[in-house]
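# Remarks on the overall topology
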There are 2 protein chains.
Amino acid sequence: MGAIQLSQSPDGAPIFSVTARTPTNIAVIKYWGKRDEALILPLNSSLSVTLDPNDLAATTTVAISPAFEEDKLWLNGKEVSISDSVRYQNCLRAVRERAQGIEAGGEKASQEQLRSWRIHVASRNNFPTAAGLASSAAGFACLVFSLAQLLGVTEERPGDLSAIARLGSGSACRSLYGGFVRWNMGQASDGHDSIAEQVAGEEHWPDLRVLVAVVNDRQKDTSSTAGMQQSVRTSPLLLHRAKAVVPERMVAMERAIAARDFQAFGALTMADSNQFHATCLDTSPPIFYMNDASRQVIGLVEQWNAQAGEIKAAYTFDAGPNAVLFCLEADRGALLRRLLYHFPPSDSTPLNEYVESAELLKEASVSSADDIRDLPAPEISKEAKPGLQFPGELKYIMSTRVGMGPQVCEKPLEPLLLDARTGFPPVS
Amino acid sequence: MGAIQLSQSPDGAPIFSVTARTPTNIAVIKYWGKRDEALILPLNSSLSVTLDPNDLAATTTVAISPAFEEDKLWLNGKEVSISDSVRYQNCLRAVRERAQGIEAGGEKASQEQLRSWRIHVASRNNFPTAAGLASSAAGFACLVFSLAQLLGVTEERPGDLSAIARLGSGSACRSLYGGFVRWNMGQASDGHDSIAEQVAGEEHWPDLRVLVAVVNDRQKDTSSTAGMQQSVRTSPLLLHRAKAVVPERMVAMERAIAARDFQAFGALTMADSNQFHATCLDTSPPIFYMNDASRQVIGLVEQWNAQAGEIKAAYTFDAGPNAVLFCLEADRGALLRRLLYHFPPSDSTPLNEYVESAELLKEASVSSADDIRDLPAPEISKEAKPGLQFPGELKYIMSTRVGMGPQVCEKPLEPLLLDARTGFPPVS
């Protein structure tokens with residue numbers, strides 16, 4: 001069975017569809033600020049780690065048929081107007097323009113047909129959007145990837161598809177590859193060289209691990225699109241960061257990844273997260289994405305690193321209060337113990353919902369709420385002030401790792417995103 | 001009665017003393033980072049507003065006598081070792097070197113005598129140190145000012161005394177003048193041109209008002225000395241701020257003050273506070289002085305300014321979570337109403353302790369806890385999210401204004417800092 005599924009609508013029209021799954025990614029050298037709003041061209045290059053799509057991914061079914069009357073989009077089961085979204089239109093148009101042809105199940109569709117038929121898109125995430133983990137990056141990457149498969153679009157130059165995904169959401173371009181991914185800022189005014197490129201594959205650093213501490217936040221954050229516009233307009237530090245700081249950090253980060261040097265990787269990751277949030281604070285009015293719980297996570301990581309005399313864990317924060325924490329496999333249990341000591345679950349949260357991974361709990365030697373209550377205060381250096389405890393300030397802690405890029409789903413989804421017979425979401 | 005008091009010790013030795021009061025100050029263009037640690041020479045010039053010493057001041061009695069056996073220092077009634085403090089030694093030495101002579105009450109002391117006799121210093125603040133309001137700036141300025149009076153030291157060049165106070169604490173140099181004060185970073189390697197200078201007197205802007213929102217903080221802050229060392233060592237943004245951003249802001253701020261332009265003054269004050277905290281965040285490990293309560297104060301000010309379409313209030317934060325808020329006299333009641341709406345006192349805090357000034361409460365039309373409970377939600381612009389309420393997150397709100405520089409106290413203090421007969425703090 002190939003990538004493209006063929007079915008027939010009730011009145012006999014062919015419906016071609018493709019389903020694919022695309023990972024999310026977390027930047028370790030941050031993207032903040034555009035030099036071109038329409039083309040989504042960044043002020044600086046950035047670099048991300050692709051997260052395992054088994055834990056965090058968007059799954060999208062795209063379908064095309066002469067039976068469809070208009071382009072339609074459903075996100076997490078809810079219809080969203082494409083005509084209101086320039087970004088969706090730009091992505092659809094760019095892939096459609098490059099359509100070649102379809103041949104599947106004995107049926108064919110010509111280039112001309114593909115350019116005139118309408119498209120249905122349905123997408124969902126396998127993680128709560130509350131996690132604030134670049135769901136739009138995974139979503140746009142998945143739309144572009146699956147649509148390219150459907151319409152037989154091949155890249156003329158490597159990275160062409162990433163440049164299309166970039167039109168949907170800047171960081172989406174990095175979700176088209178697994179492992180470690182660089183987004184080159186590019187120089188061209190049409191943006192054709194502002195593309196993503198894999199720096200190292202998902203097997204490159206097998207013992208790198210990721211924990212995500214999802215924070216209970218009271219307030220809605222500034223959207224990253226609006227936030228970076230404000231920063232570009234008002235922060236005197238942002239351009240200096242983009243021009244004078246990031247280029248060196250990109251080189252150093254690639255070197256750290258190539259050498260699997262966790263010390264350098266961790267130090268750069270933390271410094272760049274902090275600098276990104278510093279430029280947010282330097283914005284008028286200032287933008288705050290981190291809150292006191294975020295600060296406490298930073299504090300516990302910094303205390304651990306200071307006490308150990310080396311970097312045991314490294315934090316990074318995107319445009320929200322949740323912490324993404326890197327560590328090596330051998331230290332993951334110890335990291336979870338420190339997190340659980342400072343952030344025990346609230347009394348009403350069952351442990352297996354707070355930390356879903358049984359394997360991870362085992363590594364931390366924690367199997368009950370009593371075990372958490374009995375955790376000793378973590379060792380800290382003599383000069384350090386003992387950290388405080390904040391029960392209930394985290395929603396949950398999830399565990400993931402470096403993951404692969406987009407994949408076509410060969411097996412039918414359960415539940416289906418689009419009904420094969422209608423090309424619409426199944427009626428529930 | 002002159003500035004110098006003469007008394008006699010039990011064994012007949014003369015005790016000469018001077019008591020003076022010196023204001024604290026709040027920087028509106030911030031000082032952060034030294035280019036010389038020993039001489040306390042800053043990376044950039046800064047500018048401050050001197051706060052009314054009737055509300056916030058250090059009061060110091062300095063005494064000199066052949067009867068004293070060693071230099072001694074008492075801060076807020078507690079003896080502090082001078083031999084442990086290079087900064088106190090540097091200030092004492094620098095003033096003593098410049099001693100001329102004393103003539104008071106018919107007694108004389110020669111230059112030689114003054115250089116060999118020991119000195120007693122006792123100082124206290126008229127505000128809780130918990131207010132985190134540059135108590136060391138007022139303290140060192142007061143030591144240098146009162147000692148100069150005692151030893152007959154006059155400035156060879158204007159600002160000489162401020163350069164000595166700078167050796168105690170950088171921002172202390174700005175507390176030697178009232179009104180609006182610039183600290184020129186200077187160029188000389190010996191620091192003689194790194195001095196404070198008055199930009200405008202305390203009568204210059206009569207309707208400028210200051211509220212201080214003192215925050216309940218759970219954690220001890222990083223000391224500013226240690227913090228700025230870390231920033232200089234690790235923040236890639238700090239030097240850019242000092243070299244490329246601050247010089248223009250100094251010019252613009254002086255212009256705003258000269259023109260009593262609250263719009264420009266407020267915008268620059270907020271931007272520079274935020275940029276200072278941004279460089280703290282850009283430090284490795286990052287330094288956080290503001291907490292969630294500080295963010296909420298920023299939020300309510302920004303919301304008010306956005307709704308009004310002009311700057312009604314401006315915030316600035318030093319190395320701690322407390323907000324210093326500027327507004328014009330006509331808006332002070334409205335500012336307090338917004339503060340009280342978002343930050344009502346805890347149930348156990350009497351209103352007249354939460355806001356001491358009856359005049360201020362009257363301006364806000366608030367006279368009881370019920371009045372606070374009944375405050376309507378402040379008007380905000382349509383796009384804004386309504387702000388939340390945080391009972392008990394502030395300790396108290398105090399009111400002050402622009403104030404005068406150091407003054408000799410002609411009348412005896414109640415209670416005395418040093419007993420005239422012994423030269424030691426009175427036994428309580």
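In the annotation of an unreviewed UniProt entry, the entry for chain A reads Diphosphomevalonate decarboxylase, and the organism field reads Klebsormidium nitens. In its Sequence similarities (unreviewed entry) section, the UniProt record describing chain A reads: "Belongs to the diphosphomevalonate decarboxylase family." Per UniProt, chain A carries the Function (unreviewed entry) text "Performs the first committed step in the biosynthesis of isoprene-containing compounds such as sterols and terpenoids."

### Points about the overall build of chain A
Along chain A, the regular secondary structure elements total 12 helices and 19 strands. Computed over C-alpha atoms, the radius of gyration of chain A comes to 22 Å, within 12% of the 22 Å expected from 2.2 N^0.38 for 428 residues, which places it in the range of a compact globule. Per-residue burial over chain A gives 57% buried out of 428 residues.

### Some thoughts on the interface of chain A and chain B
In this assembly, 32 residues from chain A lie in contact with 32 residues from chain B. Both sides together, the interface formed by chain A and chain B hides about 2,800 Å², and carbon and sulfur atoms give 59% of it. Where chain A meets chain B, there are zero salt bridges. At the surface where chain A touches chain B, the tally comes to six residue pairs in polar contact (both at pLDDT 80 or more). Of all elements in the fold, only helix 6 (238–258), helix 7 (262–281) and helix 8 (292–308) of chain A reach the threshold of two or more residues within the side of chain A that touches chain B. In terms of residue count, the dominant contributor to the side of chain A that touches chain B is helix 7 of chain A (six residues). Counted by class, the side of chain A that touches chain B contains 14 nonpolar, nine polar and nine charged residues.

### Some thoughts on the sheet that holds strand 13 (residues 180–183) of chain B
All names here are of chain B. Read from one edge to the other, the open sheet built from four strands follows the order 3-6-13-14, with strand pairing classed as antiparallel. Looking at strand neighbours, the two that pair on one side only are strand 3 (25–29) and strand 14 (196–200), the edges of this open sheet. Neighbour-to-neighbour, the strand axes of the sheet open up by a mean angle of 35 degrees, direction not taken into account. Pairing of strand 13 with strand 14, which is carried by four bridges, proceeds in the antiparallel orientation. Across the sheet, Val 181 pairs through a bridge with Gln 198, a residue of strand 14.

### Structural notes on the relation of the copies chain A and chain B
Superposing chain A onto chain B takes a rotation of 180 degrees plus a shift of 0.0 Å along the axis, which leaves an RMSD of 0.0 Å. Here the transformation between the copies is reduced to the relation of a two-fold axis. Among all residues of chain A, the one whose C-alpha sits closest to the rotation axis is Ala278(A), at a distance of 2.1 Å. Most of the interface of chain A is mirrored in chain B: 100% of its interface residues are interface residues there too.

### Regarding the packing of helix 1 (residues 86–97) of chain A against helix 4 (residues 160–168) of chain A
Residues and elements named next belong to chain A. Here helix 1 crosses helix 4 at 160 degrees, and the two axes come no closer than 7 Å. Classified by the angle between their axes, helix 1 and helix 4 sit roughly antiparallel to one another. Only Ile 164, Ala 165, Leu 167 and Gly 168 of helix 4 make contact with helix 1, whose side of the interface consists of Arg 87, Asn 90, Cys 91, Ala 94 and Val 95. A breakdown of the residues in the contact of helix 1 with helix 4 according to their chemical character gives six nonpolar, two polar and one charged.

### Some words on the environment of Ala377(A)
Residue and element names in this part refer to chain A. Following the sequence through the fold, Ala 377 ends up in the loop between helix 12 (369–373) and strand 18 (394–401). Ala 377 sits in the exposed class, given a relative accessible area of 55%. Residues Ala 377 and Leu 92 lie 285 residues apart in sequence; the distance between their C-alpha atoms is 54 Å.

### Observations regarding the domain arrangement of chain A
Residue and element names in this part refer to chain A. For chain A, the assigned domains are domain 1 (5–201) and domain 2 (208–401). Distance between the C-alpha centres of domain 1 and domain 2: 29 Å. In this assembly, 31 residues from domain 1 lie in contact with 42 residues from domain 2. Here domain 1 and domain 2 share an interface that buries about 2,900 Å² over both sides, 71% of which is from carbon and sulfur atoms. Broken down residue by residue, the surface that domain 1 buries against domain 2 is led by Ile 29, Lys 30 and Trp 32, which jointly contribute 29%.

### What to know about the sheet that holds strand 16 (residues 313–316) of chain B
To summarise the sheet geometry, strands pair through backbone hydrogen bonds and adopt either a parallel or an antiparallel arrangement. Residues and elements named next belong to chain B. One open sheet holds the four strands; their spatial order is 16-17-15-18, and the pairing between them is antiparallel. With partners counted over all chains shown, the strands left at the sheet margins are strand 16 and strand 18 (394–401), one partner each. Across the sheet, the axes of successive neighbouring strands diverge by a mean angle of 20 degrees, strand direction being ignored. Docked against the sheet, helix 8 (residues 292–308) engages strand 15 (208–215), strand 16 and strand 17 (323–328), running at close to 155 degrees with respect to strand 16.

### Examining unusual backbone geometry
Trans is the common state for peptide bonds, and a negative phi is the common state for residues other than glycine. All names here are of chain A. That bond from Ser 284 to Pro 285 is cis: its omega, -10 degrees, falls within 30 degrees of zero. We note that Ser 365 has phi near 55 degrees; this positive angle belongs to a residue other than glycine. The residue Ser 365 is located in the loop between helix 11 (358–363) and helix 12 in this model. Residue classification places Ser 365 among the exposed positions, given a relative accessible area of 54%.

### Points about the packing of aromatic side chains
Residue and element names in this part refer to chain A. A full pass over the atoms with the stated rule returns 28 aromatic pairs over all chains. Taking the centre distance of 6.4 Å and the plane angle of 10 degrees together, the rings of Phe 16 and Trp 117 count as stacked. Taken as a pair, Phe 16 in strand 2 (residues 14–23) and Trp 117 in the loop between helix 2 (111–116) and strand 12 (118–125) lie far apart in primary sequence, 101 residues in all. Across the pair, exposure class does not vary: Phe 16 and Trp 117 are buried alike. Taken together through their ring pairs, the aromatic side chains of Phe 180, Trp 205, Phe 262, Phe 265 and Phe 326 make up a single cluster.

### Digging into helix 3 (residues 135–150) of chain A
All names here are of chain A. Here helix 3 contains 16 residues, and its C-alpha end-to-end distance of 22 Å stays within 8% of the 22 Å for a straight helix at 1.5 Å per residue. Of all 16 residues in helix 3, 13 are buried; the element is thus mostly enclosed. Of the residues one or two after helix 3, Gly 152 is the one with positive phi, at around 70 degrees.

### Side note on the pattern of salt bridges
Scanning the model with the defined rule gives 34 salt bridges over all chains in all. When the shortest N-O distance is used, the salt bridge between Arg118(A) and Asp71(A) registers 3.3 Å. Placement of the pair is Arg118(A) in strand 12 and Asp71(A) in the loop between strand 7 (57–65) and strand 8 (72–75), with a sequence separation of 47 residues. Classification of Arg118(A) as partly exposed rests on a relative accessible area of 24%. As a salt-bridge pair, Arg96(B) and Asp71(B) come within 2.6 Å of each other at their nearest N and O atoms. Placement of the pair is Arg96(B) in helix 1 (residues 86–97) and Asp71(B) in the loop between strand 7 (57–65) and strand 8 (72–75), with a sequence separation of 25 residues. The burial state of Arg96(B) is the same as that of Asp71(B); both residues are buried.

### A look at the side chain of His120(B)
With respect to the helices and strands, His120(B) occurs in strand 12 (residues 118–125). A polar side-chain atom of His120(B) sits 2.6 Å from the main-chain carbonyl oxygen of Gly423(B).

### Focus: the environment of Lys385(A)
In this structure, Lys385(A) sits in the loop between helix 12 and strand 18. Expressed as a C-alpha distance, the spacing of Lys385(A) and Glu356(A), which sit 29 residues apart in the sequence, is 31 Å.

About the criteria used
Residues numbered from 1 in each chain as written. Chains lettered and ligands numbered in written order. Predicted model: local features only at pLDDT ≥ 70, side-chain atom pairs only at ≥ 80, totals over all residues. Heavy atoms only, no water. UniProt positions renumbered as here; feature names shortened; annotations may be inferred. Helix = DSSP H or I, 4+ residues; strand = E, 2+ residues; numbered from the N terminus. Rg over C-alpha atoms; globule rule 2.2 N^0.38 Å. Buried < 20%, exposed > 50% of the residue type's maximum accessible area, 1.4 Å probe, protein only. Contact = heavy atoms within 4.5 Å. Buried area = accessible area lost by both parts, 1.4 Å probe. Salt bridge = Lys/Arg side-chain N within 4 Å of Asp/Glu carboxyl O. Polar contact = N/O pair within 3.5 Å; in protein donor to acceptor, adjacent residues only side chain to side chain. Nonpolar A, V, L, I, M, F, W, Y, C, P; charged D, E, K, R; others polar. Pairing = 2+ DSSP bridges. Axes fitted to C-alpha atoms, helices over the stretch in contact; angles between N-to-C directions. Least-squares fit on C-alpha atoms with pLDDT ≥ 70 in both. Parallel < 35°, antiparallel > 145°, perpendicular 65-115°, else oblique. Domains from an automatic or database assignment. Phe/Tyr/Trp six-rings, centres within 6.5 Å; stacked < 30°, edge-to-face > 60°. Expected span 1.5 Å × (residues − 1).

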